[in-house]
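# Structure assessment
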Amino acid sequence: GMEVLSYLKTNEINTPVVMISGSGDIEQAVQSLKMGAYEYLIKPVDPNRLNITLKNALSESRLRREVKMLSTAVTNSPLSIMITDLDGSIEYVNPAFTDITGYTAGEVLGKHPSLLKSGSHDRLFYTTLWAKISSGSNWQGEICNKKKNGELY
């Protein structure tokens, strides 16, 4: 089993693995989990527990693939994408954001999007925008921002 886990890890094969062993050796269980096993079960295995474990492992694997796919789409999007926390601090920007604004991720992470303010919009505009976003709704509109070099876009 450990050789299989090692092979899967070495060859970057993302298949969920449930280790089933007759050994209750804690070190072996910990090593299996560190090497990427989803779960370590000891024989005899209750069929219901095995069924639930397999369903959970497959579900988690499917979710991981989906997250990876969505992450790739966001990273490679030609549209500028910025993600903030609930307080408005920037947590993520994609490469298109960097290309368009001239700011690197390191320069904006932890900062507020107001660093892009162009001065073209009044306070009410931003209050309305943030109220809509903060409520979980989508905001649609056109906004004029300022690049790092001062150019408006």
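Attention now goes to the side chain of threonine 53. Secondary-structure assignment places threonine 53 in helix α3 (residues 47–76). Filtering out sequence-adjacent residues up to four positions away, threonine 53 remains in contact with Val18, Tyr38, Glu39 and Leu41.

Grouped together as the largest cluster of nonpolar side chains are 8 residues: Leu5, Leu8, Val17, Met19, Ala29, Met35, Ala37 and Tyr40. The contact partners of methionine 19, leaving out residues within four places of it in the chain, are Gly1, Met2, Leu5, Ser32, Ala37, Glu39, Tyr40 and Leu41.

Moving on, we come to the packing of helix α1 (residues 2–10) against helix α2 (residues 26–34). In the contact formed by α1 and α2, the axes pass within 10 Å of each other and the chain directions differ by 20°. With respect to α2, the element α1 is oriented roughly parallel. For α1 against α2, the interelement crossing comes out left-handed. On α2, the residues that touch Met2, Leu5 and Lys9 of α1 are Gln28, Gln31, Ser32 and Lys34. The class makeup of the residues in the contact of α1 with α2 is 2 nonpolar, 3 polar and 2 charged.

The next thing to look at is α3. Taking 1.5 Å per residue as the helical rise, α3 with its 30 residues ought to reach 44 Å, and the 43 Å between its terminal C-alpha atoms agrees with that figure. Within α3, the full set of buried residues consists of Thr53, Ala57 and Ser61. Each element contacted by the buried residues of α3 is listed here: β1 (18–21) and β2 (39–42).

Definitions and limits used
- Residues numbered from 1 in each chain as written.
- Predicted model: local features only at pLDDT ≥ 70, side-chain atom pairs only at ≥ 80, totals over all residues.
- Heavy atoms only, no water.
- Helix = DSSP H or I, 4+ residues; strand = E, 2+ residues; numbered from the N terminus.
- Contact = heavy atoms within 4.5 Å.
- Core = buried A, V, L, I, M, F, W, Y, C linked by side-chain atoms within 4.5 Å.
- Buried < 20%, exposed > 50% of the residue type's maximum accessible area, 1.4 Å probe, protein only.
- Axes fitted to C-alpha atoms, helices over the stretch in contact; angles between N-to-C directions.
- Parallel < 35°, antiparallel > 145°, perpendicular 65-115°, else oblique.
- Left-handed = near helix turned anticlockwise from the far one by under 90°.
- Nonpolar A, V, L, I, M, F, W, Y, C, P; charged D, E, K, R; others polar.
- Expected span 1.5 Å × (residues − 1).

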